[in-house]
Amino acid sequence: MIEIKDLHKSYKMGSNSLHVLKGINFSVEEGELVAIMGSSGSGKSTLLNILGMLDNSDSGEYILDGVPIKNLNETKAAQYRNKFLGFVFQSFNLINYKSALENVALPLYYQKVGRKERLEKSLKYLDQVGLKEWAEHLPSELSGGQKQRVAIARAMAAEPKVLLADEPTGALDSKTSYEVMDLIQKINDQGNTILIVTHEPDIADMCKRIVHLKDGVIIEDKKIKQVRAEQYV
Amino acid sequence: MWLFDKDLWSEIFASLGKNMFRTFLTMLGVIIAMVILVLLLGGSNGMSNGFNKIFAGTASNSLFVWSQRTSEPYKGFERGRRIQFKLEDAGILKEQIEEIEVLAPRIELGSHRGVVTVYRNGRTSGSAVYGDYPNIDDIMKKKLVEGRFLNENDMADSKKVCVIGEETYKLLFDKEENAIGKDVRINGVFFNIVGIYKPNQNINIDGENSVYIPFSTFQKAFGSGDRMGWMAISVQPDTQVTIVESKIKQLLKNKYDINPIDERAIGSFDLSEVFNNISAFTGVLKGVSFFVGILTLLAGVIAISNILLITVKERTKEIGVRRALGATPKVVKRQIVLESIMITVFAGFIGFAIAVGILAAVNGMIGEDSDIPFYNLMVSIPQFIISFVLMVGLSVLIGLIPANRAVRIKPIEALREE
Ligand SMILES: Nc1ncnc2c1ncn2[C@@H]1O[C@H](COP(=O)(O)OP(=O)(O)O)[C@@H](O)[C@H]1O
Ligand SMILES: [Mg+2]
């Protein structure tokens with residue numbers, strides 16, 4: 001599903017440049033649930049942003065579902081993101097003046113899905129994350145965990161090929177974190193490919209594979225036996 | 001077509017509606033600008049309407065011709081000779097100069113601008129007394145408060161009737177007293193009053209206190225023979241008064257042996273000049289109003305653009321999220337521009353409604369019967385359309401500034417966690 005080869009990325013800061021990714025190679029199969037780990041500043045978000053076409057690499061190859069991702073202009077990148085990718089952020093990033101349902105419907109709106117179908121579909125996904133009753137509520141009326149579940153429903157509504165989550169539990173307490181992980185696991189169970197950036201070992205253990213970043217390279221990449229989050233909720 | 005895309009509009013309304021108070025403040029500039037624009041336009045239109053109303057009934061393309069003394073010797077005549085028009089001149093002019101539409105000969109009792117005493121029951125009034133043809137009414141319409149003006153029958157039968165001014169009435173009659181059918185005495189001759197008129201305060205050639213009697217009656221009663229004092233003449237609509245004026249003078253100079261270079265022997269007054277000056281004035285006024293109004297509007301729209309710029313900055317994160325979710329730059333741009341248009345148009349309509357309300361109130365206060373040159377203050381449909389097209393055009397152009405700023409926001413920068 002994802003294939004990257006010798007990926008480099010550095011940030012220019014005045015006269016010096018900060019080499020963040022120093023040749024990353026890895027690939028992800030369909031249906032995998034991968035944790036990207038590493039200490040703060042190790043380049044996890046940078047990697048995820050490049051995978052999410054929110055940022056460009058300096059060099060290297062990136063192939064997503066057989067499509068080489070290279071030299072995209074902003075319009076093309078937006079269309080690819082919309083079609084291929086779902087995003088979940090640490091701070092949820094819901095649009096605060098839109099109801100939960102409208103938030104979930106947003107990617108479908110940009111896919112030009114008709115209004116009726118869009119709202120039906122969004123409601124279905126809200127139901128899947130257990131928030132059907134909260135459809136008309138504004139984000140400010142939801143708890144952190146609920147917000148993140150809306151965000152996950154939003155990411156899934158467009159039926160992306162890959163779900164990218166940057167510290168999805170970073171702003172949540174551990175109980176809520178496990179609830180969110182439980183949801184992510186269930187989505188993965190349905191065959192969805194998911195990449196999670198985290199620095200919390202217990203969250204990483206709930207994935208099926210852990211990729212460890214340090215100083216811009218992968219120092220460890222191992223398959224693990226998944227810890228089910230269900231037992232903690 | 002995106003114009004009819006309900007979702008797009010609800011997107012726009014949602015983002016405008018989330019900060020109602022600020023949206024309103026943003027609109028205030030355009031509302032006020034629109035009020036100013038419409039008031040300026042309405043005011044200048046009202047002034048132009050007012051002048052039109054005041055001069056209604058007065059032929060704008062008319063002139064007056066009278067005789068004076070010569071200022072040049074000619075063909076053996078000394079300078080300083082008094083010229084006296086004859087009634088036949090009217091016929092000659094009308095026949096020979098085809099541009100003349102209406103020609104009303106007139107004769108005045110006493111010297112020019114002179115006053116004669118009009119008697120009634122021991123009361124007197126010092127009035128100007130004119131012998132007139134009824135067609136003078138086609139050139140300078142008299143506003144009658146009571147009765148009628150002189151007519152062809154009066155002329156044909158040389159009836160001893162007269163039309164008097166309100167001023168004359170006040171001097172000769174008690175308040176509320178009926179004057180129609182009563183007699184007044186002028187130079188020992190009795191005249192029966194058939195009408196009372198109200199002089200036009202703004203364009204008054206005959207004076208305040210005047211009495212009109214039929215020309216033919218005048219001739220008989222006062223023995224004026226074939227003498228004629230002066231002429232009121234209106235020319236064909238598409239003819240320039242000055243051209244006809246010089247033709248008339250040339251003909252009369254020729255007839256009365258006046259030196260062609262003599263500028264004084266025949267006096268004239270070109271009323272069309274007054275009208276041209278007024279319409280030039282109101283035209284310039286309208287132009288200036290429009291210009292000032294549009295500039296004000298521009299300032300209002302720029303204020304909207306400014307606020308939208310601030311809004312875009314505040315919405316950096318939201319725009320980043322939208323971009324991450326698949327909003328293309330074009331979609332983002334369109335939304336911001338449409339927000340700009342929406343605010344502007346909505347504000348414009350509010351301002352327009354307010355201004356029209358004010359104009360209507362002013363119209364009500366001025367009323368129908370006012371002599372001040374303001375009447376029916378309103379904007380015309382073309383002015384309304386031009387203003388709105390300009391306003392929308394400006395809001396698009398100006399909206400592009402925040403829209404381009406929004407597009408420059410990179411989703412990655414917008415989404416970076418602090
Ligand atoms: N836009 C940027 N400009 C300069 N430096 C950046 C930028 N984004 C990230 N960095 C730096 O790159 C390094 C990696 O950042 P990041 O990928 O966010 O790390 P992580 O998510 O693993 O904490 C950090 O040192 C960070 O300061
Ligand atoms: Mg990070």
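Residues numbered from 1 in each chain as written. Chains lettered and ligands numbered in written order. Predicted model: local features only at pLDDT ≥ 70, side-chain atom pairs only at ≥ 80, totals over all residues. Heavy atoms only, no water.

(A) Local environment of the overall build of chain A. Scanning chain A from terminus to terminus reveals seven helices and 10 strands. Scaling as 2.2 N^0.38, a compact globule of 233 residues should have a C-alpha radius of gyration of about 17 Å, and chain A matches this with 17 Å. In terms of its C-alpha atoms, chain A occupies a principal-axis envelope of roughly 50 × 40 × 35 Å. Counting all 233 residues of chain A, 54% fall into the buried class. The long-range fraction of contacts in chain A, counting pairs at least 24 apart against all pairs at least 6 apart in sequence, stands at 70%. By element, 46% of the accessible surface of chain A is carried by carbon and sulfur atoms, the whole surface being about 10200 Å². Between the centroid of the 30 positive side chains of chain A and the centroid of its 31 negative side chains there is a distance of 4 Å. (Helix = DSSP H or I, 4+ residues; strand = E, 2+ residues; numbered from the N terminus. Rg over C-alpha atoms; globule rule 2.2 N^0.38 Å. Buried < 20%, exposed > 50% of the residue type's maximum accessible area, 1.4 Å probe, protein only. Contact = heavy atoms within 4.5 Å. Areas by Shrake-Rupley, 256 points an atom, 1.4 Å probe, with all protein chains shown as cover. Lys, Arg positive; Asp, Glu negative; His and termini not counted. Charge placed at Lys NZ, Arg CZ, Asp CG, Glu CD.)

(B) Summary view of the layout of surface pockets. There is about 670 Å³ of room inside the largest pocket. Lining the largest pocket we find 25 residues, and of these A:Gly41, A:Gly43, A:Lys44, A:Ser45 and A:Thr46 sit closest to its centre. Put simply, the parts of the chain that give the lining of the largest pocket at least two residues each are strand E2 (16-28) and helix H1 (44-51) of chain A together with helix H13 (411-415) of chain B. Per-class residue counts for the lining of the largest pocket are seven nonpolar, 11 polar and seven charged. (1 Å grid on protein atoms, 1.4 Å probe; cavity = no way out; pocket = protein on both sides within 12 Å on 5 of 7 lines; lining within 4 Å. Points joined across faces, edges and corners; volume = space filled by probe spheres on them. Nonpolar A, V, L, I, M, F, W, Y, C, P; charged D, E, K, R; others polar.)

(C) Fine view of the interface of chain B and chain A. At the interface, 27 residues of chain B touch 24 residues of chain A. In total, chain B and chain A occlude about 2400 Å² of area from one another, counting both sides; carbon and sulfur atoms represent 59% of this. Applying the counting criterion to the chain B and chain A interface returns one salt bridge. Where chain B touches chain A, the interface holds six residue pairs in polar contact (both at pLDDT 80 or more). If one sorts the elements of the side of chain B that touches chain A by residue count, helix H1 (residues 6-17) of chain B sits on top with seven residues. Looking at the side of chain B that touches chain A residue by residue, the class counts come to 11 nonpolar, four polar and 12 charged. (Buried area = accessible area lost by both parts, 1.4 Å probe. Salt bridge = Lys/Arg side-chain N within 4 Å of Asp/Glu carboxyl O. Polar contact = N/O pair within 3.5 Å; in protein donor to acceptor, adjacent residues only side chain to side chain.)

(D) Structural context of the site of ligand 1. With respect to spatial proximity, 13 residues lie near ligand 1, and among them A:Gly41, A:Lys44, A:Ser45, A:Thr46 and B:Arg416 are the closest. The environment around ligand 1 is built from residues contributed by chains A and B. At 2.7 Å from an oxygen atom of ligand 1 is found a main-chain nitrogen or oxygen belonging to A:Gly41. Contact between ligand 1 and A:Ser42: an oxygen atom at 3.3 Å from a main-chain N or O atom of the residue. Surface burial for ligand 1 is 68%, taken as the share of its 560 Å² of free accessible area covered by protein chains. (Near = heavy atom within 4 Å.)

(E) Region of interest: the pattern of salt bridges. Under the criterion given, the structure shown has 26 salt bridges over all chains. A salt bridge links A:Glu61 to A:Lys5, with the shortest nitrogen-to-oxygen separation between them at 3.9 Å. A residue pair is termed long-range when its members are at least 10 positions apart, and A:Glu61 in strand E4 (residues 59-64) and A:Lys5 in strand E1 (residues 2-13) qualify at 56 residues. What makes A:Glu61 partly exposed here is its relative accessible area of 40%. Take A:Lys5: its relative accessible area is 41%, and that puts it in the partly exposed class. Its salt-bridge partner being B:Asp257, residue B:Lys75 comes within 3.5 Å of it at the nearest N-O pair. Of this pair, B:Lys75 sits in the loop between strand E1 (62-67) and strand E2 (85-86) while B:Asp257 sits in the loop between helix H8 (241-255) and strand E13 (266-270), and the two are 182 residues apart along the sequence. Judged by relative accessible area, B:Lys75 falls into the exposed class, the value being 58%. Assessed through its relative accessible area of 26%, B:Asp257 is described here as partly exposed. Salt bridges sharing common partners tie together A:Glu32, A:Arg209, A:Asp221 and A:Lys223.

(F) Spatial organisation of the UniProt feature "domain: ABC transporter" (unreviewed entry) in chain A. Per the UniProt record, "domain: ABC transporter" (unreviewed entry) is found at residues 2-233 of chain A. Secondary structure across residues 2-233 of chain A divides into 34% helix and 28% strand, with the first and last C-alpha atoms of the span separated by 32 Å. (UniProt positions renumbered as here; feature names shortened; annotations may be inferred.)

(G) Broad picture of the packing of helix H2 (residues 20-54) of chain B against helix H9 (residues 271-314) of chain B. All names here are of chain B. With their axes 9 Å apart at the nearest point, H2 and H9 run at an angle of 175 degrees to one another. Here H2 lies roughly antiparallel to H9, going by the angle between them. When its residues are assigned to classes, the contact of H2 with H9 shows 19 nonpolar, 11 polar and three charged. (Axes fitted to C-alpha atoms, helices over the stretch in contact; angles between N-to-C directions. Parallel < 35°, antiparallel > 145°, perpendicular 65-115°, else oblique.)

(H) Representation of the sheet that holds strand E8 (residues 193-197) of chain A. Residue and element names in this part refer to chain A. Taken together, six strands build an open sheet; the order of strands is E6-E7-E8-E3-E9-E10 and the sheet is mixed. The two strands at the open ends of the sheet, each matched to only one other strand, are strand E6 (85-88) and strand E10 (217-223). Neighbouring strand axes in the sheet, compared pairwise and without regard to direction, differ in orientation by 15 degrees on average. Here H1 sits on the sheet and contacts strand E3 (33-37), E6, strand E7 (162-166), E8 and strand E9 (209-214); the angle it forms with E7, its principal contact strand, is near 150 degrees. Of the strands in this sheet, E3 and E8 touch helix H6 (residues 174-189), which is tilted by about 150 degrees from E8. (Pairing = 2+ DSSP bridges.)

(I) Focus on the environment of A:Ala171. Summarising the element assignment, A:Ala171 is placed in the loop between E7 and H6. In contact with A:Ala171, other than residues within four places in its own chain, are A:Gln90 and A:Phe92.

(J) Inspection of the packing of aromatic side chains at higher detail. Residues and elements named next belong to chain B. According to the stated counting rule, one finds 19 aromatic pairs over all chains in the structure shown. The interplanar angle of 40 degrees and the centroid separation of 6.0 Å between the aromatic rings of Phe-191 and Phe-222 together place this pair among those described as tilted. Remark: Phe-222 occurs in helix H7 (residues 215-222) and Phe-191 occurs in strand E9 (residues 189-198); sequence separation between them is 31 residues. Of the two residues, Phe-191 and Phe-222, neither departs from the other in class, the shared state being buried. Following the ring pairs from residue to residue traces out a cluster consisting of Tyr-130, Phe-149, Tyr-197 and Tyr-212. The ring of Phe-77 carries the charged tip of Arg-81 above its face, separated from the ring centre by 4.0 Å. A cation over a ring is seen here: Arg-185 above Tyr-119, with NZ or CZ 4.6 Å from the ring centre. (Phe/Tyr/Trp six-rings, centres within 6.5 Å; stacked < 30°, edge-to-face > 60°. Lys NZ or Arg CZ within 6 Å of the ring centre and 35° of its normal.)

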